[in-house]
Amino acid sequence: METRIDFLRWLDTDVVLQILARLDDPADLIRASAVSPYWQKFVISYGLCKQLCKKTFPQLATIAHVIEPSHNPNNPSDDTSELATRQREHRAYASLFRALTKFPLSFCITDAVSASSTDNYPEESMINTLDHRDRIVIRTSYWSSKGQDDPEVPETLIYKLSADLCVITEINVAPFQALFQVGFPIYSSRFVRFRMGHPKSSSDIDRDFLESQEDANDKFVWTYTSQTFPMAQESREQSFKLPEPVLCIGGFLQIELLGRVQKQRADGKYYICVGHVQAIGRQLSPAFSLDISEPPNGISLEYNAEEFNRTLQEASEAGLGADVPPVLPTRDVVWENFQDFVDMIQLQQNVMEFAWINDEFEPDEFDPVAFIM
């Protein structure tokens, strides 16, 4: 029989890591880990899938733990051993990366949370800016700020997203044109900026900030802030594409409207008015969710493999989904290559042994089927 040599065994650990770190797709990392137990131990032990996710989506740096629902009483999800922790992270981050880049696009805003000011509540509430497809949208519905003498006074609108883990790719904002006023003025802002984050405390989220007319900006931790985009003083939906898709950890979006350009003739004050807002991206629940605890526990990523696989299966069987807005890519496009990814995961089941870097773990402690699924 021809003698074969695993070249990685002849290289220093740092060199092996440099080679495997060049792989930029979790499917490739899974293929590599299926080559041999020796390759597998590097992929898992050094958390290469986790590193790949964090490199592409830096917001994941806030994740402190990975949790899985336990379906096996002999392998509880709260096992904190080094082996169990790294296996959980490998499973979760390998699937998460695929979800972050391939889940179908949809409209992600569900609720209005807070406005820094509202001129006439509730007639000019920010609720009017939501896309309610189940009701007749009144053409003159809009949100209006209070008037200001200083055109530099900013305004903020806070929205709740459809999941506490969403990947946002672009945000659309339509300034409002007052066709009922002389000259048909357009009350846009000069610039717009976006922030994403999570509540400081879960107890604050149950409050109705709109009804109390309270600015809730100080109730959130904003983990992402976009560049400043110029806004045109035009009555149309203006699309602001983020330079890179942004993972929102926590499920809340702030739209910051900077600078005022239009005075109202009636009182000579500057206003900002918005007719419509949309956020387009990928929602990751129920396969992935967050458990945001007070320090020191921090934020935990909850990964449900059964929901992940079920979602893949449903998408594969459904093809074009009726719930996908027509302006967005269809399911048969965004789900392509998912079966290849599932096939690569199945390859892990062919691994008959596992050689852990730390000698305290014996090969018979590793179940390749339970490990990957």
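Residues numbered from 1 in each chain as written. Predicted model: local features only at pLDDT ≥ 70, side-chain atom pairs only at ≥ 80, totals over all residues. Heavy atoms only, no water.

Teacher, can you tell me more about the overall build of the protein chain here?
Summing up its helical and strand segments, the protein chain has ten helices and 16 strands in all. The burial tally for the protein chain puts 49% of its 373 residues in the buried class. Long-range contacts, defined here as pairs at least 24 residues apart, represent 78% of the contacts in the protein chain between residues at least 6 apart. When the accessible area of the protein chain is evaluated, it comes to approximately 18400 Å², of which 50% is carbon and sulfur surface. (Helix = DSSP H or I, 4+ residues; strand = E, 2+ residues; numbered from the N terminus. Buried < 20%, exposed > 50% of the residue type's maximum accessible area, 1.4 Å probe, protein only. Contact = heavy atoms within 4.5 Å. Areas by Shrake-Rupley, 256 points an atom, 1.4 Å probe, with all protein chains shown as cover.)

What is the right way to look at the packing of helix α3 (residues 37-45) against helix α5 (residues 82-102) in this model?
The geometry of a pair of packed helices is captured by two quantities: the angle between their axes and the separation between those axes. Direction vectors running N to C along α3 and α5 enclose 85 degrees, while the axes themselves pass 9 Å from each other. The pairing of α3 with α5 is recorded here as roughly perpendicular in orientation. Of the residues in α5, those touching α3 at Val43, Ile44 and Ser45 are Arg86, Gln87 and His90. Here the residues of the contact of α3 with α5 sort into two nonpolar, three polar and one charged. (Axes fitted to C-alpha atoms, helices over the stretch in contact; angles between N-to-C directions. Parallel < 35°, antiparallel > 145°, perpendicular 65-115°, else oblique. Nonpolar A, V, L, I, M, F, W, Y, C, P; charged D, E, K, R; others polar.)

Looking at this structure, how should I read the sheet that holds strand β15 (residues 288-292)?
For sheets, the rule is that strands pair by backbone hydrogen bonds, running either parallel or antiparallel. Sheet architecture is open: three strands sit in the order β1-β16-β15, paired in mixed fashion. Each edge of the sheet is formed by a strand with only one pairing partner; in this case those strands are β1 (63-67) and β15. Adjacent strand axes in the sheet meet at a mean angle of 30 degrees when their direction is disregarded. Bridge analysis of β1 against strand β16 (residues 299-303) gives four bridges, and the strand direction is parallel. Opposite Ile63, over in β16, you have Ile299 as the bridge partner. (Pairing = 2+ DSSP bridges.)

Please clarify how the side chain of Ser145 should be interpreted in this entry.
Mapped onto the fold, Ser145 is located in the loop between β4 (143-144) and β5 (155-161). For Ser145, a relative accessible area of 0% corresponds to the buried category. A distance of 3.3 Å separates polar atoms of two side chains, one belonging to Ser145 and the other to Arg260. Setting aside residues up to four positions removed in sequence, Ser145 forms contacts with Ser117, Thr118, Asp119, Glu155, Arg260, Tyr271 and Ile272. (Polar contact = N/O pair within 3.5 Å; in protein donor to acceptor, adjacent residues only side chain to side chain.)

How do you make sense of the UniProt feature "domain: F-box" (unreviewed entry) in the protein chain when you look at a structure like this?
Sequence positions flagged by UniProt for "domain: F-box" (unreviewed entry) are, in local numbering, residues 14-53. Across residues 14-53, the secondary structure splits into 75% helix and 0% strand, with the terminal C-alpha atoms separated by 20 Å. (UniProt positions renumbered as here; feature names shortened; annotations may be inferred.)

Looking at this structure, how should I read the packing of helix α4 (residues 48-56) against α5?
At their nearest, the axes of α4 and α5 sit 8 Å apart, and the two run at 40 degrees to each other. With respect to α5, the element α4 is oriented oblique. In terms of crossing hand, the pair formed by α4 and α5 is left-handed. For the pair formed by α4 and α5, the contact residues are Cys49, Lys50, Leu52, Cys53 and Thr56 on the first element and Glu89, His90, Tyr93, Ala94 and Phe97 on the second. Here the contact of α4 with α5 is built from residues that sort into six nonpolar, two polar and two charged. (Left-handed = near helix turned anticlockwise from the far one by under 90°.)

Looking at this structure, I do not really get a nonpolar patch on the surface. What am I missing?
Together, Phe7, Leu11, Val15 and Ile19 give the surface a local cluster of nonpolar side chains, amounting to about 310 Å² of exposed area. Turning to its location among the elements, Val15 is positioned in helix α1 (residues 13-20). Look at Val15 and you get partly exposed, because its relative accessible area is 37%. (Patch = residues over 30% accessible without salt bridge, like charges linked within 9 Å, V, L, I, M, F, W, Y side chains within 5 Å. Salt bridge = Lys/Arg side-chain N within 4 Å of Asp/Glu carboxyl O.)

Mind showing me how you'd approach α3 here?
Residues lying three or four places apart along an α-helix face the same way, a consequence of the helix completing one turn every 3.6 residues. Of all nine residues in α3, eight are buried; the element is thus mostly enclosed. Of the residues flanking the end of α3, it is Gly47, one or two places downstream, whose phi is positive at about 55 degrees.

Just to check I follow, could you spell out the environment of Pro245 for this structure?
Position of Pro245 among the secondary structure elements: in strand β10 (residues 238-249). Excluding residues within four positions of it along the chain, Pro245 makes contact with Phe57, Val167, Ile168 and Thr169.

Would you mind going over unusual backbone geometry with me for this structure?
With glycine set apart, most residues show a phi of negative sign, and most peptide bonds adopt trans. The step from Tyr121 to Pro122 runs through a cis peptide bond, and the omega angle for that step is 5 degrees. Among the structural elements, Pro122 can be located in the loop between β3 (109-115) and β4. With an omega dihedral of 5 degrees, the bond running from Ser285 to Pro286 counts as a cis peptide bond. We note that Gln213 has phi near 55 degrees; this positive angle belongs to a residue other than glycine. You can see Gln213 is positioned in the loop between α6 (209-212) and β8 (220-225). Look at Gln213 and you get partly exposed, because its relative accessible area is 36%.

How do you make sense of α4 when you look at a structure like this?
Here α4 has its buried residues at Leu48, Cys49, Leu52 and Cys53. The buried residues of α4 occupy one face: seen down the axis, they fall within an arc of 140 degrees. In this fold, the buried residues of α4 make contact with α1, α2 (26-33), α3 and α5. (Arc of directions from axis to C-beta.)

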